[in-house]
Amino acid sequence: MDIGSLLNAGTRSSSAGASASQQAQDNQDRFLTLLVAQMRNQDPMNPMENAQLTTQIAQIQTVTGVDQLNTSLEKLGAQFNQSQLSGAVSLVGRNVTMAGNRLTMGAGEALGVFDLAAPADNVKVEITTPAGTVIDTVNLGAATSGRHAFNWSDSGYSADRELQFRIVATRGTRPVGATTFSRDQVVALNTTGGQLQFELASGRQTDFASIVSID
């Protein structure tokens, strides 16, 4: 029987709790035992060729190398997770900007952020309910391409009420594309389910990938 097949079978049957280094040593011991037995019992008229012996030695080196690589990757992953968590902790109390169109309410003034794909002659902000009903309009006039922020007086609206906004921008008679962003404050971290999430002051959650800037 091929030593590589026996070796792989033995590797699969190893207990899950064995350390990678112990498992690698067990693989090597098993390989040497099988190789010696194979050489002792080979047909004298048809001995193992050098090329075949070299191939089987390479098999144990490959398996051992894979075990060591897996151990290294596990250590690297643990270091990355620790580094990511340390960076996440530093965001608590910071303001973050993320994709979305929800207004940041509070202190009598709401804040919104947007990007223009190109310069615009006229930019208008429509304040809406979640259902899309327009409750107010803010005319910003002309604006360059890139990121902009605006303030809107939210007097008469409670801070826990959700309001959204959309941008209507034009250059001459042609519309100009706009991307909206929401701003919020990170108040805590949540690692439930093994996924790192940021708890926001608005009661929502977001992840690293959704954050586009940090203040």
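Structure: see above.
Now for a description of the structure that goes with this document. Per chain, residue numbering runs from 1 following the sequence as it is written. Predicted model: local features are reported for residues with pLDDT of at least 70 only, side-chain atom pairs are reported and counted for 80 or more only, and whole-chain, interface and lining totals are derived from all residues. Side-chain numbers here rest on the full set of heavy atoms in the structure, without hydrogens or water.

1. Brief notes about the packing of aromatic side chains
To describe a pair of aromatic rings, one takes the distance between the centres and the angle between the planes.
(1) Moving on: Here is the rule: rings of Phe, Tyr and Trp (six-membered ring for Trp) pair when centre to centre is within 6.5 Å. Planes less than 30 degrees apart are stacked, more than 60 are edge-to-face, and the remainder are tilted. Counting across every chain of the model gives 2 aromatic pairs.
(2) Moving on: Plain terms: the ring middles of Phe-114 and Phe-150 are 6.3 Å apart, the flat faces sit at 45 degrees to each other, and that makes the pair tilted. Taken together, the residues Phe-114 in strand β2 (residues 109-116) and Phe-150 in strand β5 (residues 146-153) connect sequence positions 36 residues apart.
(3) Moving on: Classification of residues uses two cut-offs on accessible area relative to the type maximum, computed with a 1.4 Å probe and protein chains only: under 20% is buried, over 50% is exposed, and between them is partly exposed. Note on Phe-114: relative accessible area 1%, which makes it buried.
(4) Moving on: Arranged with centres 5.1 Å apart and planes meeting at 75 degrees, the rings of Phe-150 and Phe-165 form a pair that is edge-to-face. Taken together, the residues span a long stretch of sequence, with Phe-150 in strand β5 and Phe-165 in strand β6 (residues 164-171) at a distance of 15 residues. Note on accessibility: Phe-150 and Phe-165 belong to one class, buried. For the purposes of this entry, the term helix denotes a DSSP run of H or I that reaches at least four residues, the term strand denotes a run of E that reaches at least two, and both are numbered from the N terminus.

2. Considering the environment of Asp-154
(1) Moving on: Take Asp-154: it is sitting in the loop between β5 and β6.
(2) Moving on: Spatially, the C-alpha atoms of Asp-154 and Thr-104 are 9.8 Å apart, while their sequence positions differ by 50 residues.
(3) Moving on: Beyond its immediate chain neighbours, meaning those up to four positions away, Asp-154 contacts Met-105, Gly-106, Gly-108, Glu-109 and Ala-110. Should any heavy atoms of two residues lie within 4.5 Å, those residues are counted as being in contact.

3. Things to note about the sheet that holds β6
(1) Moving on: If you trace the 4 strands from one edge of the open sheet to the other, you get β4-β3-β6-β7, paired in antiparallel fashion. Of all the strands in the sheet, the pair left with one neighbour each is β4 (134-143) and β7 (174-176). Between one strand axis and the next, the sheet turns by 25 degrees as a mean value, whatever way the strands run.
(2) Moving on: A pair of strands is labelled paired if DSSP reports no fewer than 2 bridges between them. Direction of pairing for β6 relative to β7: antiparallel, over a ladder of 3 bridges. Directly across from Ala-169, in β7, lies its bridge partner Val-176. Angles run from 0 to 180 degrees between N-to-C directions of axes, and those axes are lines fitted to C-alpha atoms, restricted for helices to the stretch in contact.

4. What to know about the environment of Arg-94
(1) Moving on: Along the chain, Arg-94 falls in the loop between α3 (50-89) and β1 (95-99).
(2) Moving on: Sequence spacing of Arg-94 and Val-186 is 92 residues, and the spatial spacing of their C-alpha atoms is 5.7 Å.
(3) Moving on: Apart from residues lying up to four places away in sequence, Arg-94 is in contact with Asp-184, Gln-185, Val-186, Ile-214 and Asp-215.

5. Quick notes on the nonpolar core
The nonpolar side chains of a soluble globular protein tend to be buried, and buried together.
(1) Moving on: Ranked by size, the top nonpolar core spans 18 residues in total, and within it Leu-103, Leu-116, Val-123, Ile-127, Phe-150, Trp-152 and Ile-167 carry the most contacts.
(2) Moving on: When contributions to this core are tallied by element, the ones reaching two or more residues are β2, β3 (120-128), β4, β5 and β6.
(3) Moving on: The definition of a nonpolar core used throughout is a set of buried Ala, Val, Leu, Ile, Met, Phe, Trp, Tyr and Cys residues joined through side-chain atoms within 4.5 Å. Judged by nonpolar contacts, the second largest core, of 9 residues, contains Val-96, Leu-196, Phe-198 and Ile-211.

6. With respect to the pattern of salt bridges
(1) Moving on: One speaks of a salt bridge when a side-chain nitrogen belonging to Lys or Arg is within 4 Å of a carboxyl oxygen belonging to Asp or Glu. A full pass over the atoms with the stated rule returns 5 salt bridges.
(2) Moving on: Notably, a salt bridge pairs Arg-102 with Glu-162, separated by 3.7 Å at the nearest N-O pair. Highlighted residues: Arg-102 in the loop between β1 and β2 and Glu-162 in the loop between β5 and β6, separated in sequence by 60 residues.
(3) Moving on: Exposure remark for Arg-102: the relative accessible area of 15% places this residue in the buried category.
(4) Moving on: Three or more residues are tied together by salt bridges with common partners; here these are Lys-124, Glu-126 and Arg-166.

7. A word on the pairing of strand β9 (residues 197-200)
(1) Moving on: Bridging between strand β8 (residues 178-190) and β9 involves 4 bridges; their strand directions are antiparallel. Across the sheet, the residue bridging to Ala-188 is Glu-199, located in β9.
(2) Moving on: Summarising the sheet, β9 and strand β10 (residues 205-206) pair through 2 bridges and their orientation is antiparallel. Within β10, the position partnered with Glu-199 by the bridge is Gln-205.
(3) Moving on: Adjacent in sequence and paired antiparallel, β9 and β10 are bridged by 4 residues, among which Gly-203 carries a positive phi angle near 95 degrees.

8. A word on the side chain of Thr-97
(1) Moving on: Relative to the helices and strands, Thr-97 resides in strand β1.
(2) Moving on: The class of Thr-97 is buried, set by a relative accessible area of 2%.

9. Some remarks on the pairing of β3
(1) Moving on: In terms of strand pairing, β3 meets β4 through 7 bridges, oriented antiparallel. Bridging across to β4, Val-123 finds its partner in Gly-141.
(2) Moving on: Once β3 ends, the chain turns through 5 residues before running back antiparallel as β4, passing Gly-132 with a positive phi of about 100 degrees.
(3) Moving on: Both β3 and β6 contribute to a ladder of 7 bridges, which runs antiparallel. Pairing of Val-125 across the sheet is with Ile-167, part of β6.

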